[in-house]
Amino acid sequence: MKLDKVIAVRNNKTIYRDGDTCIKVFNSDYSKADVLNEALNQSRVEETGLNIPKILEVSMVDGKWAIVSEYIKGKTLAQLMEENPDKKQEYLELLVDVQIEVQSKTCPLLNKLKDKMNRKISASELDATTRYELHTRLDAMPKHNKVCHGDFNPSNIIITDEGTPYIIDWSHATQGNASADAARTYLLFWLNGDIDGAHKYLDLFCKKSNTAKQYVQKWMPIVAASQSVKGNEKERDFLLSWVDVVDYE
């Protein structure tokens, strides 16, 4: 493996390209269990038939864990939106179509979204009363078993030169309620400073999936609380501000 062509650098990993392969090298202090879980998630989702890069191997590079997968040549939807602002509506429609396709699949061996959220709410900095309220709300939400990506946003969709969308980064994948995943995407647009995009996305998702907007909004405080456990302070403050939001309009 040649590690001389860097594609991207993230907080705790560096991603390289070597010919037709993509090598994601994690920092030396990154949890081995999390690396193996990501590879397992991706392998399980491969079996659904969705367009995703196939895992080729999990190995060690200079004492660091690495996941080797197919390299998908193309541009991310985020790049395309930036380069062609006049086509943003078209790209948002594509984003929602791909998300609905993901959510049309089931993958019984993935972790359950509700279990993950309950763990994260328990680990949050919120006071006991708020945590109790969120656990109660979460418990009352309908139980579904749809594939949920967990970080579904335009930078995780690669469009090939032929126009085929591929979905990358399956480290947060679970099975659960599609509207929780939509609430997460909506909040990611906000976190990225694209509030107009957030509203347009939500309108499209609700229209195309025949879901009441109020239903997705009911998930937002729960999703925000569970996401507040990770990330930087600024992100955490923003997410926690959503936990007490009652009126979303």
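Here, the structure is the one placed above.
Residues numbered from 1 in each chain as written. Predicted model: local features only at pLDDT ≥ 70, side-chain atom pairs only at ≥ 80, totals over all residues. Heavy atoms only, no water.

Draft legend 1. Inspection of the overall build of the protein chain at higher detail. The helix and strand inventory of the protein chain stands at 9 helices and 10 strands. In summary, the protein chain has a C-alpha radius of gyration of 18 Å against a globular reference of 18 Å for 249 residues, a match within 12%. Projected onto its principal axes, the C-alpha coordinates of the protein chain cover approximately 50 × 40 × 35 Å. The proportion of buried residues among the 249 residues of the protein chain is 47%. Counting contacts in the protein chain only where the partners sit at least 6 residues apart, residues at least 24 apart contribute 64% of the total. In the structure as shown, the protein chain presents an accessible area of about 12,800 Å², 47% of it carried by carbon and sulfur atoms. Between the centroid of the 33 positive side chains of the protein chain and the centroid of its 37 negative side chains there is a distance of 3 Å. (Helix = DSSP H or I, 4+ residues; strand = E, 2+ residues; numbered from the N terminus. Rg over C-alpha atoms; globule rule 2.2 N^0.38 Å. Buried < 20%, exposed > 50% of the residue type's maximum accessible area, 1.4 Å probe, protein only. Contact = heavy atoms within 4.5 Å. Areas by Shrake-Rupley, 256 points an atom, 1.4 Å probe, with all protein chains shown as cover. Lys, Arg positive; Asp, Glu negative; His and termini not counted. Charge placed at Lys NZ, Arg CZ, Asp CG, Glu CD.)

Draft legend 2. Spatial organisation of helix α6 (residues 178-191). Here α6 spans 20 Å end to end across 14 residues, near enough to the 20 Å set by a 1.5 Å rise per residue. Burial runs high along α6: 12 of the 14 residues are buried. Taking the backbone nitrogen of Ser179 as reference, a side-chain oxygen 2.9 Å away marks Asn177 as the first, capping residue of α6. Gly193 lies just past α6 and shows a positive phi near 80 degrees. (Expected span 1.5 Å × (residues − 1). Polar contact = N/O pair within 3.5 Å; in protein donor to acceptor, adjacent residues only side chain to side chain.)

Draft legend 3. Quick peek at the sheet that holds strand β5 (residues 64-70). A sheet is described by the order of its strands in space; here 5 strands give the open sequence β1-β2-β3-β5-β4, paired in antiparallel fashion. Since the sheet does not close on itself, it has two edges, and those belong to β1 (6-9) and β4 (55-61), each with one partner. Taken pair by pair, the neighbouring strands of this sheet meet at an average axis angle of 20 degrees, ignoring direction. Sheet analysis places strand β3 (residues 21-26) next to β5, joined by 5 bridges and oriented antiparallel. The partner of Cys22 across the bridge, within β5, is Ser69. (Pairing = 2+ DSSP bridges. Axes fitted to C-alpha atoms, helices over the stretch in contact; angles between N-to-C directions.)

Draft legend 4. Seen up close, the packing of aromatic side chains. This model, assessed by the stated rule, comprises 8 aromatic pairs. Connected via pairs of aromatic rings, a cluster forms that spans Tyr186, Trp190, Phe238 and Trp242. (Phe/Tyr/Trp six-rings, centres within 6.5 Å; stacked < 30°, edge-to-face > 60°.)

Draft legend 5. Here's a closer look at unusual backbone geometry. Phi at Asp62 is positive, roughly 50 degrees, even though this residue is not glycine. The residue Asn210 is not glycine, and still its phi comes out positive at about 55 degrees. Looking at the element boundaries, Asn210 is found in the loop between α7 (195-209) and α8 (213-227).

Draft legend 6. Structural context of the sheet that holds strand β6 (residues 75-76). With respect to topology, 3 strands assemble into an open sheet ordered β6-β8-β9, the strand pairing being antiparallel. Sheet topology places β6 and β9 (165-167) at the edges, where each strand pairs with a single neighbour. Where strand β8 (residues 157-159) meets β9, 3 bridges bridge the pair, whose relative direction is antiparallel. For Ile159, the partnering residue across the bridge sits in β9 and is Pro165. In the packing of helix α3 (residues 88-103) onto the sheet, contacts are made with β8 and β9, and the angle to β9 comes to roughly 55 degrees.

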